[in-house]
Amino acid sequence: MDKYTLLALAIFIPLLSAFLCYTFNKPWVRNTVVFVTALIMFAVAGGFVYYLIHSGGKIEISLESLHLPFDVGFIFKLFDFLLLAYIADIGMKHKKPLIVFLSVLQAVALLVFELVGSVKEPHVVFVIDYLSLIMLLLVSVIGPMITIFATGYMKEHEHHQHLEKSRQPRFFAILFIFLSAMNALVMTNNLSWMLFFWEVTTLCSFLLISHDGNEKAVKNGLRALWINMLGGLAFVFAIIVIYNALGTLSLEELLRNRMVSAGLLPVGLGLLCFAGFTKSAQFPFQSWLLGAMVAPTPVSALLHSSTMVKAGVYLIVRIAPVFSGTTLGTMVAVAGAFTFVGASAIAISQSNGKRVLAYSTIANLGLIVCCAGIGSYVALGAAVLLMIFHAISKALLFLCVGTIELEIGSRDIEDMQGLFKKMPFTTVIAVIGMISMLLPPFGVLLTKWLALEAAVKLPLVLICIIIGSAFTLVFWSKWIGIILTLSFHAKYKMEKLPVAMSATMAVLVLAVIFTGVDISMIFNAVVAPFLTESLKGLPETVLNGTNGLWLVSESGRMVGGFSSFYFFMILFLLFLLYPYIFRSSKAELWKPPYLCGANTEEDFKGLEFNAPADTVEHVIVHNYYFAGAFGEANITPWANFIAGAIIMIMFGVVI
Amino acid sequence: MGLVKKSRIKSPWVLHYDCTSCNGCDIETLACLTPLYDVERFGIINVGNPKHADILVVTGSVNKRNERVLRNLYNQMPEPKAVVAVGACACTGGIFKDCYNVLGGVDKVLPVDVYVPGCCAKPEAIIDGIMLAASKLEEKAEALKEAKAHA
Amino acid sequence: MDIVILKDILTVAATIILAPIIGGLLTGIDRKITARMQSRSGPPILQPFYDLIKLLGKERLIVNQTQMMFALGHLFFAVAALAMFMLGQDLLMILFIMAFSSIMLIMGAMSVRSPYSKIGAQREIVQIMAYEPVLILMVVGIFLSTGSFMIRPLFSDMFSFGKPLLYDLPLVFIAFIYVLTIKLRKSPFDFSTSHHGHQELIKGITTEFSGPQLAVIELTHWYELVLFLGLITMFFARPVWIGIGIALICYFCEIVIDNISARMTWKWMLQATWIVGIGVAMTNIIWLYLK
Ligand code: SF4
């Protein structure tokens, strides 16, 4: 298999499956298609890994070598306008002048750009380096897994909805188009092509969010659409500005510049960052991602983990080396750090599980953006690693919450008390997922640690990250505490889940654990080559992955590090001890919790107590939510205001 | 084994429960914590939580309403554990013995190990009683072990 | 290389064995001093050990099957943090491992359906939220002063005189001592659980742990105590005995504070720690930036 086949497979296999899913509305056909596609996509991802390592870390594919009988560039442009027309049509249908306006403005800008002065399209149309590879792996491994999960989930979901005609063909078709666009987006080298794929993901996310078709879904979908169209507009302007500054649309050539002086280039980069901000739902654009919660769970899992929002941070990380160390970089870092602390603070006050996850996604994306803004070796390493770990853990957590929601009919954290008894399998997996989001030795925390160590030179960013991570600890540990609550039960019965769902979760949780244990391998294999390649010639503290991660300063001195391996050993030791502890906890040792001696006679779970006048009352303990200090309604306006100001300052600085 | 035995005697943690006391005995029990008597020198701590306690100190007579609370508290204490009845009321029902709602002394409900008489019991006597109960803990632990071996 | 590893293993082993002895003795002395301050004669110095052994010998009551696992996790990660400290590892990571240890206890306390331990756990979470930023700022201050996150250099040639870390970080040190009061569960910040006597939440976070489980938690406190005194020592570690002496003095001060102050509410604590702790530490760090 050569690189052309791989490329074609990565883009066209999902498209083909989309077509198949759309035309054949039979569950067994659909399930087979989803499963086979997943296998092929895994294989393609594996093929890319193999191919990339054997071709020296970079695969380039030029237009000529494709030997296409027609002008692809022209076709892309055509599609671009069709897409904008379609979006404008959506805006028209739903009476949203803003969307129409944005799409027309985009179309006009593009048209003017194409007509005035002949645009020289870059030679090399696809470049796959290690960063693309990482994204490819995330998209083509986690994406298909979520679609497999969706086959089980959507059946249950539609069962609850009592639809006359299944809308699953449409759903799966859009999912696959989405994956195809993501794959193409991370490989392309042509900024104007990237714009096209960018807009395809925008459109797909609108279609997926409004999938259920009720009023709320459509409203939130439209919000996602206009915010992302705003980003798309920034992207178009960025293309125009960058072309005027450098005379090329090639991402590679853009990356060859180290930004030193002012001029047009910083403005273009700033606009690209702006586009990235909208797509990754940074403050003040977070509302679309929160609204996206109305969609079926697989959609949220997909939007939050490997696709959509990751496209935004991918773009920012991609161009980060260009503005590394400049004021623009610092402002991007401040914006990201602010999002991190703001979103984490609001997450404390949320009792809706999915909203907590959403805010945590926003916070983590903020941290990625922040690291990209800092742009040093360590910071970029943290950004890339966080992209990987966050994608896996977040996909897992969304699937867990979706499963829990199907079972208990609520996504409120307080309703998840004693979940362990009802669904031990899902609970254990969810807890591992949550722990992997906040505690060492798992990957997400390691990146937070790297981010802190990278941010010591920027006090403002630093204090944001520090306070943000304190907040993070609060909302996760509250949630973990709730779902782990349980009374004594002699036996636990596993819940019955569709195989597609339980298998996906099991695989993902194994992925969380293995990526955590093997962080050095991952770092050495894919992250380190990317960092050395993109930050060539900047002498500074580097990372070294042996048995963990170590920071080595320019002078070769070890200035920080952590061998996560030993700590996984401790965790395993605990797990090994658990069966023993479990067996030695016999029923006769079991006592109800202390309720001041007022436990009722029969109740051994500590749920009821004798109240005055011989009545029986229930014990109800809620978590602290600090609605006064961290309430969403209190913080959001201020946070949006400050974030808006930061973005203004960012543009003010570069202009 | 000697170490555990010694530790048991040296570290009796106390749960104090007031049944139907006139509060006289409670005042004396709490007086034990004051610098004058300072029970902490014997390792005695008033823990206020049955799950941590070794010795249940009961003052006042048992009545129909607090019987189940008393049982519940005793039940939640981990073995080995002992019960000290402090004051005439806790020993026999005292002056409340003939009240319509009173069941009698603590031994009507729980196995009492040490009776501390007096109305009110003197702090010195209470401390003595607790220490005596502490020295009985080991015996009880042995007995439990044997009972387990037989079962 | 082998000798280095052997040395490391010995250090870890010595830490695991010696730390609880030191921690237990210090706790005993703490109780004695506290008693003296209240003009009592107090328990014997070895009292904490009696308590621990007695607890180990008690019946293993359970409320659910997972409590012991959390208690052990609490212990293991505290030991790991101390071992990392002794090996001179990355200070920031030591803090995170310590946070893991605390979270384990919180999970254990929240895993039972007891209002007291649940509310205690919530308060503990608030405490973490309060002190974690200050501790991280301390690490940042140390990095700015020494250029490294590893603390091994701080303890290199620790028997000769040298400029102590305190010289650069006096305000950070004050902030650290301030949050230490929270971490050691001393008044005015002992509202998630207290060492002695009862509080409105019975024993708060440890209410439902009994017998051996409680013993494990108690043991963990001793390891933590040693780790914290070690952190104080770090500020003065040249020569090391001055550091140890000052650490002991600081511990004495904590005992005094414990005895002269009443418990505060968590809201007050959060505000005070953030404003005073973060403010003071940040001031120090900003002057280091400018230097
Ligand atoms: S024994 Fe006397 S002092 Fe004690 S409770 Fe009874 S009446 Fe009161």
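Fair warning: this is a prediction, and the values are worked out from it, not measured in the lab.

1. With respect to the site of the ligand
Residues and elements named next belong to chain B.
Argument step 1. Around the ligand, the neighbouring residues are Ser21, Cys22, Gly24, Cys25, Gly87, Ala88, Cys89, Gly118, Cys119 and Cys120.
Argument step 2. Of all the secondary-structure elements, those providing two or more residues to the shell around the ligand are helix 2 (24-31) and helix 4 (87-92).
Argument step 3. Ranked by residue count, the leading element in the shell around the ligand is helix 4, at 3 residues.
Argument step 4. Class assignment for the residues of the shell around the ligand results in 6 nonpolar, 4 polar and no charged.

2. Considering the packing of aromatic side chains
Residue and element names in this part refer to chain A.
Argument step 1. For the coordinates displayed, the defined rule picks out 32 aromatic pairs over all chains.
Argument step 2. Ring centres 5.3 Å apart and planes at 80 degrees place the aromatic pair phenylalanine 274 and phenylalanine 285 in the edge-to-face group. Here phenylalanine 285 lies in the loop between helix 10 (264-279) and helix 11 (287-291) and phenylalanine 274 lies in helix 10, a separation of 11 residues in the sequence.
Argument step 3. Seen from the ring of tryptophan 198, lysine 279 lies directly overhead, with NZ or CZ sitting 4.7 Å from the centre.

3. What about the domain arrangement of chain A?
Argument step 1. The domain architecture assigned to chain A consists of domain 1 (1-257 + 267-309), domain 2 (324-591 + 636-655) and domain 3 (593-623).
Argument step 2. Placing the centre of domain 1 of chain A and that of domain 3 of chain A at their C-alpha centroids yields a distance of 55 Å.

4. A look at the interface of chain C and chain A
Argument step 1. The interface of chain C with chain A comprises 62 residues on the first partner and 75 residues on the second.
Argument step 2. A combined buried area of about 6100 Å² lies between chain C and chain A, and 76% of that area is made up of carbon and sulfur atoms.
Argument step 3. Ranking the residues of chain C by area buried against chain A places Ile62, Gln65 and Arg113 of chain C at the top, with a combined share of 14%.
Argument step 4. One can count 0 salt bridges joining chain C with chain A.
Argument step 5. Across the contact surface, chain C and chain A share 12 residue pairs in polar contact (both at pLDDT 80 or more).

5. Notes on the pairing of strand 2 (residues 124-128) of chain A
All names here are of chain A.
Argument step 1. Counted residue by residue, strand 2 has 5 buried out of 5 residues, so it is predominantly covered.
Argument step 2. Note: strand 1 (residues 59-62) against strand 2, 4 bridges, orientation antiparallel. Each bridged residue has a counterpart across the sheet, and for isoleucine 61 the counterpart in strand 2 is phenylalanine 126.

6. Here we look at helix 25 (residues 632-654) of chain A
Residues and elements named next belong to chain A.
Argument step 1. For helix 25, built from 23 residues, the straight-helix expectation of 33 Å at 1.5 Å per residue is met to within 8% by its first-to-last C-alpha distance of 32 Å.
Argument step 2. Of the residues making up helix 25, those classed as buried are Ile635, Thr636, Ala639, Ala643, Ile646, Ile647, Met650, Phe651 and Val654.
Argument step 3. Looking at the packing, one finds that the buried side of helix 25 touches helix 10, helix 14 (327-349) and helix 24 (627-630).

7. Details of the sheet that holds strand 3 (residues 55-59) of chain B
All names here are of chain B.
Argument step 1. With parallel pairing, the 5 strands of this open sheet are ordered in space as 2-1-3-5-7. Of all the strands in the sheet, just strand 2 (45-46) and strand 7 (114-116) have a single pairing partner and so form its edges.
Argument step 2. Pairing of strand 1 (residues 13-18) with strand 2, which is carried by 2 bridges, proceeds in the parallel orientation. In the sheet register, tryptophan 13 faces strand 2, and the bridge partner there is isoleucine 45.

8. Describing the confidence of the model for chain A
Argument step 1. Per-chain confidence: chain A averages 84 in pLDDT, with 97% of residues scoring 70 or above.
Argument step 2. Per-element mean pLDDT across chain A ranges from 70 in strand 3 (residues 542-544) of chain A up to 90 in helix 15 (residues 353-374) of chain A.

9. Remarks on the confidence of the model for chain C
When pLDDT drops low, the exact placement of atoms in the prediction is not to be read closely.
Argument step 1. The share of residues in chain C with pLDDT of 70 or more is 93%, and the mean pLDDT across the chain is 85.
Argument step 2. The ipTM, which scores confidence in the relative placement of chains, is 0.89 for this predicted complex, and the corresponding pTM is 0.90.

10. Notes on the interface of chain B and chain C
Argument step 1. Between chain B and chain C, the contact holds 28 residues from the first and 31 residues from the second.
Argument step 2. Carbon and sulfur atoms make up 53% of the surface buried where chain B meets chain C, a total of about 2500 Å² over both sides.
Argument step 3. Taken as a group, Glu40, Lys51 and His52 of chain B account for 24% of the area that chain B buries against chain C, more than any other trio of residues on that side.
Argument step 4. Linking chain B with chain C are 6 salt bridges, by the criterion used here.
Argument step 5. Residues aspartate 54 of chain B and lysine 54 of chain C are paired through a salt bridge, measuring 2.7 Å at the closest nitrogen-oxygen approach.
Argument step 6. Linking chain B with chain C are 19 residue pairs in polar contact (both at pLDDT 80 or more).
Argument step 7. Of all elements in the fold, only helix 1 (2-10) and strand 2 of chain B reach the threshold of two or more residues within the side of chain B that touches chain C.
Argument step 8. Counting residues per element, the side of chain B that touches chain C draws most heavily on helix 1 of chain B, which supplies 6 residues.
Argument step 9. Tallied by class, the residues present in the side of chain B that touches chain C amount to 11 nonpolar, 8 polar and 9 charged.

About the thresholds
Residues numbered from 1 in each chain as written. Chains lettered and ligands numbered in written order. Predicted model: local features only at pLDDT ≥ 70, side-chain atom pairs only at ≥ 80, totals over all residues. Heavy atoms only, no water. Near = heavy atom within 4 Å. Helix = DSSP H or I, 4+ residues; strand = E, 2+ residues; numbered from the N terminus. Nonpolar A, V, L, I, M, F, W, Y, C, P; charged D, E, K, R; others polar. Phe/Tyr/Trp six-rings, centres within 6.5 Å; stacked < 30°, edge-to-face > 60°. Lys NZ or Arg CZ within 6 Å of the ring centre and 35° of its normal. Domains from an automatic or database assignment. Contact = heavy atoms within 4.5 Å. Buried area = accessible area lost by both parts, 1.4 Å probe. Salt bridge = Lys/Arg side-chain N within 4 Å of Asp/Glu carboxyl O. Polar contact = N/O pair within 3.5 Å; in protein donor to acceptor, adjacent residues only side chain to side chain. Buried < 20%, exposed > 50% of the residue type's maximum accessible area, 1.4 Å probe, protein only. Pairing = 2+ DSSP bridges. Expected span 1.5 Å × (residues − 1). pLDDT = per-residue confidence, 0-100.

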